[in-house]
Amino acid sequence: MNQKYILALDQGTSSSRAIVFDHEGHICSVAQKEFTQHFPCPGWVEHNPKDIWSSEAAVIAEAITEIGINGLDIAAIGITNQRETTIVWDAATGEPVYNAIVWQDRRTSAYCDSLKEQGLTGKIQEKTGLLIDAYFSATKIRWILENVPGAREKAERGELRFGTVDTWLIWNLTRGEVHVTDVSNASRTMLFNIHTLDWDQELLDLLDIPASMMPAVKSSSEVYGHTKTTLFAHEVPIAGIAGDQQAALFGQMCTEPGSVKNTYGTGCFLLMNTGQQPIASRNNLLTTIAWKIGDTVNYALEGSIFVGGSVVQWLRDGLGIIRSSGEIEELARQVPDNGGVYFVPALTGMGAPYWDQYAKGCIYGITRGTTAAHIARAALEGIAFQTMDIVGAMEKDAGVRLAELKVDGGASRNNLMMQFQADILNTKVIRPQVTETTALGACYLAGLAVGYWDSLEAVKQQWQAEHTFRPEASEEEVSALKAGWADAIRRTISTK
């Protein structure tokens, strides 16, 4: 086994990646391919499911070719994926009936409002741990059945299949032989009972979704099936699945209750491991399943920020003040502070702890002296401020103060923002040596399932810190910054 590798498939919102890891958890090769984002109407976000699969297939081939290995050299495949994104396809042909409706999509907001008006918030939160929101898969499935000609009839005849992206990839890797998901992805659909660990028939009936569409729900670390594609000359076991944020929590080795990580990706997602008991949030956070290994389920509290790193993409593509995402730190460092400018990046509504699906992005405090550098700095600070708000809610729910924050994701490489995060939280922020913790989590889950590593303790030994950011700002400075942010939030929420 030690001479073999683990292949992690990291299927994200804007790109597909394949990463090959060795037994020490080192990255041996990486391949990445962006794919097209579709915005057919304001607030709508879609992907072509065939683009998701073809881009992932392409990076698999590239990653294994780069180091000259084949299926015989791969001990297992682990999959981690953008969560909540909804795909419905024909069971016989494998053809999608509609584009994938992405987690960011807001088209079902009005329907979600109607569910709230029916007084269903408490029931849905008690069963699923989630708040009613267009973010989750359930209302997206219903929209497809209601709006795609013939879809409702085919679903009722048992001819359609639903899956989050992990399910879609496995379906294609096994040529339609395996229709599964894991508990972490199932817990993000608003249809899965996180206490009984089953699809909830009452919720399926409420949204008029046939149970025949739903995948079998498995643990996060077991052999689900073997590859049947021509990508590999030999069958390779598919043995690990976790939604991207749960995978990052595992990759950061946040395996003890109270440990916390934040992933700075397209969105930002703060998760706290709460152990084997779900904690019902009283502060607008989500209760979710972290993972299931063997018979043991770990739960988590989660705060979801819809717009994190994607605000940098908007500064690049929408506003045009940077040519590449990597330029933002240099631009932001051209000024010593934000100059009184606050950027609330509610470009697709606001997630935790506000859950205002109608909020719009706002930049406050602009004067004649405001420059592109101030806006760039305010954008980075806005990501950190949103994280601060979730940490506050999480500390109230868990009844403990945050001792440290482990960070990962592309934007965690931004030293300016990480230092600001430490300052505004007044706690240390720790960046690991391997920041690809999402893929690493999937790698570990798959490897543990096939005996590539013999224990969780062996895996824990591999985690190492690369840099620790410690608070440096004065209490007065932090208080003023927090007051400015609170004012910007009040103005944003009140404009819906």
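Throughout what follows, the structure given in this document is the object of discussion. What you see is a predicted model; the values in this text were computed from it and never measured.

**As for the sheet that holds strand 14 (residues 237–243)**
Then comes step 1: Read across the open sheet, the six strands follow the order 3-2-1-5-14-13; overall the sheet is mixed. Two strands bound the open sheet, and with one partner strand each, they are strand 3 (27–34) and strand 13 (221–226). This sheet shows a mean twist of 25° between the axes of neighbouring strands, independent of strand direction.
Then comes step 2: Where strand 5 (residues 74–81) lies against strand 14, five bridges are found, and the strand directions are parallel. Bridge pairing links Ile 79 to Ile 241 in strand 14.
Then comes step 3: Sitting on the sheet, helix 6 (residues 165–173) is in contact with strand 1 (5–11), strand 5, strand 13 and strand 14, with an inclination near 145° to strand 5.

**Thoughts on a nonpolar patch on the surface**
Then comes step 1: A cluster of nonpolar side chains, Trp 314, Leu 319 and Leu 347, forms an exposed patch at the surface whose accessible area comes to about 240 Å².
Then comes step 2: Among the secondary structure elements, Leu 347 is positioned in the loop between strand 19 (342–344) and strand 20 (362–364).

**Brief notes about helix 10 (residues 310–319)**
Then comes step 1: Looking at helix 10, one finds that the buried residues are Ser 310, Val 311, Val 312 and Leu 315.
Then comes step 2: On its buried face, helix 10 is in contact with helix 11 (328–332), strand 19 and helix 12 (372–398).
Then comes step 3: Of the residues trailing helix 10, Gly 320 is marked for its positive phi of about 75°.

**Quick notes on the packing of aromatic side chains**
Then comes step 1: On inspection of all chains with the given rule, the structure shows 16 aromatic pairs.
Then comes step 2: A ring pair is formed by Phe 385 and Phe 420, whose centres lie 5.3 Å apart and whose planes are at 85°; its orientation type is edge-to-face. One end of the pair, Phe 385, is in helix 12; the other, Phe 420, is in helix 13 (residues 415–425), with 35 residues separating them in the sequence.
Then comes step 3: Among the aromatic side chains, those forming a connected cluster through ring pairs are Trp 103, Tyr 135, Phe 136, Phe 269 and Phe 306.
Then comes step 4: Between Arg 83 and the ring centre of Phe 269, over which it is positioned, the NZ or CZ distance is 5.2 Å.

Scoring rules and cut-offs
Residues numbered from 1 in each chain as written. Predicted model: local features only at pLDDT ≥ 70, side-chain atom pairs only at ≥ 80, totals over all residues. Heavy atoms only, no water. Pairing = 2+ DSSP bridges. Helix = DSSP H or I, 4+ residues; strand = E, 2+ residues; numbered from the N terminus. Axes fitted to C-alpha atoms, helices over the stretch in contact; angles between N-to-C directions. Contact = heavy atoms within 4.5 Å. Patch = residues over 30% accessible without salt bridge, like charges linked within 9 Å, V, L, I, M, F, W, Y side chains within 5 Å. Areas by Shrake-Rupley, 256 points an atom, 1.4 Å probe, with all protein chains shown as cover. Salt bridge = Lys/Arg side-chain N within 4 Å of Asp/Glu carboxyl O. Buried < 20%, exposed > 50% of the residue type's maximum accessible area, 1.4 Å probe, protein only. Phe/Tyr/Trp six-rings, centres within 6.5 Å; stacked < 30°, edge-to-face > 60°. Lys NZ or Arg CZ within 6 Å of the ring centre and 35° of its normal.

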